[in-house]
Amino acid sequence: MTIESPLEKSPVSLFTDASSRLEMALKYVNISEDALKRLKYPKASLSVSIPVRMDNGSLQVFQGYRVRYDDTRGPGKGGVRFHPNVSLDEVQSLAFWMTFKCALLNLPFGGAKGGITLNPKALSRQELERLSRGYIDAIADFIGPDIDILAPDVYTNSMIMGWMMDQYSIIQRQVSPAVVTGKPLMMGGSQGRNTATATGAYYVINTILPKFDQLPERTTVAIQGFGKVGAVLAELLCKAGYKVVAVSDSQGGIYAETGLDIPNIRRYKQQSQSIQELYCNDTVCDIVEHEIISNEDLLKLDVDVLIPAALENQITAANAEQIQAQYIFEVANGPTTSAADPILEDKGIYVFPDILVNAGGVTVSYFEWVQNRSGLYWTLEEVHQRLKERMVEETEQTWNVAQEFSIPMRTAAYVHGLHRLGEALDAKGTRDYYQNGNH
Ligand code: NAD
């Protein structure tokens with residue numbers, strides 16, 4: 001994937017753009033040159049073709065990927081995405097972000113990611129199951145509970161994670177729940193995993209906004225993306241008294257100045273396919289006056305808080321100037337390009353980065369992995385309490401780094417994560433390489 005915009009200097013790969021954030025952090029952290037060199041490249045990348053027998057008897061071959069970016073701090077950890085835009089470049093970028101996210105949250109994991117290039121809506125449930133199992137057949141030697149652990153991402157869910165875990169167990173001839181997180185509860189999933197990313201983001205928002213004396217009842221919110229994370233976060237914010245005035249999905253969005261009835265929208269969305277359709281064809285339409293808006297319009301709304309919760313590259317140099325929100329909480333991975341960052345900063349907009357805001361998902365994935373390995377399962381209250389402790393602690397620490405160096409929260413998050421990664425890389429010593437011939 002390349003980032004194209006008339007204002008972006010030249011099309012750059014998503015990975016080049018992602019790794020440029022590392023450069024920004026270097027000034028503020030003492031990391032050895034060797035450790036830095038290691039972090040500039042993914043440790044291992046696998047491309048596979050997955051033959052699938054379709055329901056009509058034909059054979060279709062899909063392209064899949066798994067990238068383990070770094071495993072210095074523990075086994076690779078990262079989701080699997082099903083989307084037409086999945087490419088090796090995108091998967092590498094997502095694996096890079098996972099590396100820093102796990103370090104930032106102090107989880108004993110490295111970073112990884114996987115994906116298959118397809119439109120999942122065009123496949124039947126049986127075809128999706130055959131594809132998911134085929135993917136595991138293709139990457140089985142590359143993953144494992146102590147090597148690289150899978151999880152859900154865009155257009156994958158707990159049902160798909162269950163199939164993947166089952167297929168891996170069949171290949172290993174032993175039940176191996178810890179190779180995949182985000183599984184159904186009955187297959188060793190954790191309480192609270194389905195809502196973990198949204199809940200984690202909610203804890204970050206509630207830790208940050210009071211620092212600006214921004215009270216929920218005086219805060220308007222727009223959310224792009226109404227999926228597993230965006231919809232749950234919208235409801236949590238609504239219940240806490242925030243005024244969610246706009247939401248959107250891949251087909252467009254809706255806006256109501258007086259606030260949207262999020263629980264009703266969620267209920268209808270589960271029956272219908274698109275937010276716009278349900279809003280106009282069902283009774284929710286009558287509840288509040290609303291406007292139909294495009295995804296592009298949503299980003300430019302005059303709101304206090306903007307939450308991109310869909311895909312990457314939504315806020316670019318082309319539209320950053322028109323963003324009016326005061327605070328951006330990045331729930332999606334990579335929604336803001338590096339060229340947009342300085343424009344937002346000049347406008348005085350605070351950006352809270354993806355690797356912090358959406359880290360609740362991988363944190364509860366870690367809890368699930370711990371529960372699978374210990375065989376002792378936690379209550380929802382225990383999960384929420386531990387999640388809250390960790391999210392608040394690391395948000396405060398990142399905030400302190402930002403204050404200490406007077407740097408944006410994104411740079412502070414990379415400084416904080418890089419510090420831990422650098423220490424781990426240096427602690428491994430020089431067994432692998434010898435400097436300047438000094439053996
Ligand atoms: P999802 O597939 O459940 O939802 C994605 C949503 O985005 C859907 O509502 C879809 O209609 C919408 N969408 C797609 N293209 C869009 C567009 N161009 N404009 C507006 N909306 C669009 O995915 P999810 O799990 O909710 O993930 C959303 C984002 O959060 C992704 O960037 C993902 O990497 C990130 N994330 C997810 C998790 C997790 O636990 N699921 C964890 C960390 C980060």
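Calculation notes
Residues numbered from 1 in each chain as written. Predicted model: local features only at pLDDT ≥ 70, side-chain atom pairs only at ≥ 80, totals over all residues. Heavy atoms only, no water. Helix = DSSP H or I, 4+ residues; strand = E, 2+ residues; numbered from the N terminus. Rg over C-alpha atoms; globule rule 2.2 N^0.38 Å. Buried < 20%, exposed > 50% of the residue type's maximum accessible area, 1.4 Å probe, protein only. Contact = heavy atoms within 4.5 Å. Areas by Shrake-Rupley, 256 points an atom, 1.4 Å probe, with all protein chains shown as cover. Lys, Arg positive; Asp, Glu negative; His and termini not counted. Charge placed at Lys NZ, Arg CZ, Asp CG, Glu CD. Core = buried A, V, L, I, M, F, W, Y, C linked by side-chain atoms within 4.5 Å. Domains from an automatic or database assignment. Near = heavy atom within 4 Å. Polar contact = N/O pair within 3.5 Å; in protein donor to acceptor, adjacent residues only side chain to side chain. Pairing = 2+ DSSP bridges. Axes fitted to C-alpha atoms, helices over the stretch in contact; angles between N-to-C directions. Parallel < 35°, antiparallel > 145°, perpendicular 65-115°, else oblique. Nonpolar A, V, L, I, M, F, W, Y, C, P; charged D, E, K, R; others polar. Phe/Tyr/Trp six-rings, centres within 6.5 Å; stacked < 30°, edge-to-face > 60°. Expected span 1.5 Å × (residues − 1). Salt bridge = Lys/Arg side-chain N within 4 Å of Asp/Glu carboxyl O.

Colleague: Quick question: what am I supposed to make of the overall build of the protein here?
Modeller: Counting its regular elements, the protein contains 16 helices and 14 strands. Computed over its C-alpha atoms, the radius of gyration of the protein comes to 21 Å, within 12% of the 22 Å expected for a compact globule of 439 residues. The principal-axis extents of the C-alpha atoms in the protein amount to approximately 70 × 60 × 45 Å. Looking at the protein as a whole, 57% of its 439 residues are labelled buried. Counted over contacts in the protein with a minimum sequence separation of 6, partners at least 24 positions apart contribute 68%. When the accessible surface of the protein is split by element, carbon and sulfur atoms take 48% of a total near 18,400 Å². The distance from the centre of the 40 positive side-chain charges to the centre of the 52 negative ones in the protein is 6 Å.

Colleague: Got a minute to help me understand the nonpolar core in this structure?
Modeller: Of all hydrophobic cores here, the largest spans 86 residues; its most connected members are F96, I223, L233, L237, I307 and F329. Sort the elements by how many residues they give to this core and helix α3 (residues 88-104) lands first, with 10 residues. Residues lining this core come from more than one domain, with at least three contributed by each of domain 1 (42-174) and domain 2 (196-310). Residues in contact with F96, not counting those within four places in the same chain, are F15, A18, S19, L22, Y69 and Y414.

Colleague: Would you mind showing me how to read the domain arrangement of the protein here?
Modeller: Segmenting the protein into domains produces domain 1 (42-174) and domain 2 (196-310). The centre of domain 1, based on its C-alpha atoms, is set 29 Å off from the matching centre of domain 2.

Colleague: Could you clarify how one ought to interpret the site of the ligand in this entry?
Modeller: With respect to spatial proximity, 22 residues lie near the ligand, and among them D153, T197, K228, A310 and N333 are the closest. Within the side chain of N295, one N or O atom sits 3.0 Å away from a nitrogen atom of the ligand. Measuring from an oxygen atom of the ligand, one finds a side-chain N or O atom of N333 at 2.8 Å. Protein burial of the ligand: of its 830 Å² of free accessible surface, 89% is covered by the chains.

Colleague: What is the right way to read the sheet that holds strand β14 (residues 350-352) from this model?
Modeller: The strands making up a sheet associate through hydrogen bonds between their backbones, and the pairing can be parallel or antiparallel. Judged by pairing direction, the sheet is mixed, and its seven strands sit side by side in the order β11-β10-β9-β8-β12-β13-β14 without closing on themselves. Strand pairing shows two members of the sheet lacking a second neighbour, β11 (291-293) and β14, which therefore form its edges. Within this sheet the neighbouring strands show an average axis-to-axis angle of 20°, counted without direction. Strand direction decides the pairing type here: strand β10 (residues 252-255) and β11, joined by three bridges, are antiparallel. The partner of I254 across the bridge, within β11, is I292.

Colleague: Help me out: how do you make sense of the packing of helix α15 (residues 380-405) against helix α16 (residues 409-427) in this one?
Modeller: Each pair of packed helices can be summarised by the angle the axes make with each other and by the distance between the axes. Remark: α15 packs on α16, axes separated minimally by 8 Å, with the N-to-C direction vectors making an angle of 110°. The angle between α15 and α16 falls in the class roughly perpendicular. Between α15, through E394, T395, Q397, T398, W399, V401 and A402, and α16, the contact on the second element is made entirely by M409, A412, A413, V415, H416 and R420. Split by residue class, the contact of α15 with α16 holds seven nonpolar, four polar and two charged.

Colleague: Help me out: how do you make sense of the packing of aromatic side chains in this one?
Modeller: The geometry of two aromatic rings is summed up by the distance between their centres and the angle between their planes. Enumeration over the complete set of coordinates arrives at 18 aromatic pairs. Aromatic pair F212 and W399: ring centres 5.8 Å apart, planes at 85°, arrangement edge-to-face. One end of the pair, F212, is in the loop between α6 (196-208) and β8 (220-224); the other, W399, is in helix α15, and 187 residues separate them in sequence. The exposure class assigned to W399 is buried, which follows from its relative accessible area of 16%. The rings of F15, Y69, F96, F100 and Y414 are connected pair by pair, giving a single aromatic cluster.

Colleague: Would you explain α3 in this entry?
Modeller: Given 3.6 residues per turn, any residue in an α-helix points the same way as the ones three and four places further on. Here α3 spans 24 Å end to end across 17 residues, near enough to the 24 Å set by a 1.5 Å rise per residue. The buried count for α3 comes to 16 of 17 residues, which makes it a mostly enclosed element. After α3 finishes, the residue N106 shows a positive phi value of roughly 60°.

Colleague: Looking at this model, I keep getting lost on the sheet that holds strand β4 (residues 59-70). Mind explaining?
Modeller: An order of β3-β4-β6-β5-β7 is seen for the five strands of this open sheet, with the pairing classed as mixed. Each end of this open sheet is capped by a strand with a single partner; those strands are β3 (44-53) and β7 (148-152). Shown here is a sheet whose adjacent strand axes are inclined to one another by a mean of 25°, direction ignored. Of the strand pairs in this sheet, β3 and β4 are connected by 10 bridges, and their pairing is antiparallel. Note that in β4 the partner of S47 across the bridge is Y65. Lying on the sheet, α3 is in contact with β3, β4, β5 (76-83) and β6 (111-117); it crosses β6 at an angle near 155°.

Colleague: I'm lost on the side chain of N333 in this one. Help?
Modeller: Here N333 lies in the loop between β13 (327-329) and α12 (340-346). For N333, the side chain forms a polar contact with the side chain of K101, separated by 3.2 Å. Setting aside anything within four residues of it in sequence, one finds N333 in contact with L94, W97, K101, K113, D153, L311, E312, D354 and N358.

Colleague: I keep staring at the pattern of salt bridges and nothing clicks. Help me out?
Modeller: Applying the stated criterion across every chain, the model contains 23 salt bridges. With a closest N to O distance of 3.6 Å, E23 and K40 form a salt bridge. Of this pair, E23 sits in helix α1 (residues 14-26) while K40 sits in the loop between α2 (33-39) and β3, placing them 17 residues apart in sequence. Under the relative-accessibility criterion, K40 is labelled partly exposed at 33%. Between D55 and R130 there is a salt bridge; the shortest N-O distance is 2.6 Å. Residue D55 is located in the loop between β3 and β4, and its partner R130 is located in helix α4 (residues 125-139); the two are separated by 75 residues in the primary sequence. Using a relative accessible area of 46% as the deciding quantity, one classes D55 as partly exposed. A relative accessible area of 32% means that R130 is categorised as partly exposed.

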